[in-house]
Amino acid sequence: MWDAGSSRVRVRLDVAYDGTDFSGWAVQPGRRTVAGTLAAELVRVFGAAEGLTVAGRTDSGLHATGQVCHVDLPAQAWADRGGAVLRRLAGLLPPDLRVLAATVAPEGFDARFSALSRCYEYRVTDAPYGADPLRARYLLAWPRPLDLPSLAAASGGLVGEHDFAAYCKRKDLATTVRAVTLLDWRRDGDGVVVATIQADAFCQAMVRSLVGAMLTVGDGRRDPSWPASLLTLRERSSEVTVAPPHGLTLVAVGYPDAAGYAERAEVTRRLRA
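Let me sum up the structure you'll find in this document. All values derive from a computational prediction rather than experimental measurement.

## A closer look at the nonpolar core
Where a protein is soluble and globular, its nonpolar side chains tend to be buried together.
Moving on, step 1. With 72 residues, the main nonpolar core has Leu13, Leu38, Tyr167 and Trp185 as its most contacted residues.
Moving on, step 2. Here this core gets 8 residues from one element, more than from any other, and that element is helix H5 (residues 206-218).
Moving on, step 3. If near-sequence neighbours (up to four positions away) are discounted, leucine 38 is found in contact with Leu13, Val15, Trp25, Leu52, Cys69, Leu93, Leu97 and Val99.

## Digging into the pattern of salt bridges
Moving on, step 1. Inspection of every chain in the model, using the stated rule, returns 18 salt bridges.
Moving on, step 2. In this structure, glutamate 121 engages arginine 123 in a salt bridge whose closest nitrogen and oxygen atoms are separated by 2.8 Å.
Moving on, step 3. The exposure class assigned to glutamate 121 is buried, which follows from its relative accessible area of 14%.
Moving on, step 4. Across the pair arginine 144 and aspartate 219 runs a salt bridge, and its minimum N-O distance is 3.8 Å. Here arginine 144 is found in the loop between strand S6 (140-141) and helix H4 (148-156), whereas its partner aspartate 219 is found in the loop between H5 and helix H6 (226-229), with 75 residues between them in sequence.
Moving on, step 5. On the accessibility criterion, arginine 144 (34% relative accessible area) is partly exposed.
Moving on, step 6. Judged by its relative accessible area of 13%, aspartate 219 is buried.

Cut-offs used in this document
- Residues numbered from 1 in each chain as written.
- Predicted model: local features only at pLDDT ≥ 70, side-chain atom pairs only at ≥ 80, totals over all residues.
- Heavy atoms only, no water.
- Core = buried A, V, L, I, M, F, W, Y, C linked by side-chain atoms within 4.5 Å.
- Buried < 20%, exposed > 50% of the residue type's maximum accessible area, 1.4 Å probe, protein only.
- Helix = DSSP H or I, 4+ residues; strand = E, 2+ residues; numbered from the N terminus.
- Contact = heavy atoms within 4.5 Å.
- Salt bridge = Lys/Arg side-chain N within 4 Å of Asp/Glu carboxyl O.

Right, dumping it as structure tokens:
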């Protein structure tokens, strides 16, 4: 979004990071965060960086290969240095944080509110020896064998629009109703079990809570109908164990066609309010 008469330009950034050594996305005083680290280097390159906004805030220890954010930069600085921004940032950012693409955003684009969906993957190994040392930062080692058909059966009742209060850390005046459009499990060729979960949005700890509940079905300790039965609750369930963060990665954020950015943002703001 670049108005020739404006002093600022909105830029979309596609970002990837290893969340192991970050205290999540959001800026926190005295802590190393993704937003804090990225914003500091954007200021070094462009002199100013305002309104850094992310599609989905990730908690401490979570990873991303398909995160999206936007930032408002000085228009003249972007004109002068935008063409080399990826190379400049590659030389400034730490190895566990990369900006993969930087483009001028179309009119009305908002990384958070224009998004139609967020898609995560959670990786688990049930190998008897645990996680491969070279992948242990991104894999949950599960101590019991997992049955894929049981995991699939548990997933079915969770797809659709529901109140996921049982699986969320509730915030005052915030809705816990979400529309899950995809929830499936596969076992990759290397034996790793992968959950793919997509929804319009997620409340805090929702993905890891769903995974934690379904893993107890996959290892035979719970009936496949149990995770969906918790959807009748209007408070967080104490029976659900939240899966550790290191197995979770944000892999994609979906957006409408450019013409629909502003409209989608307005709809989302009304819904979340």
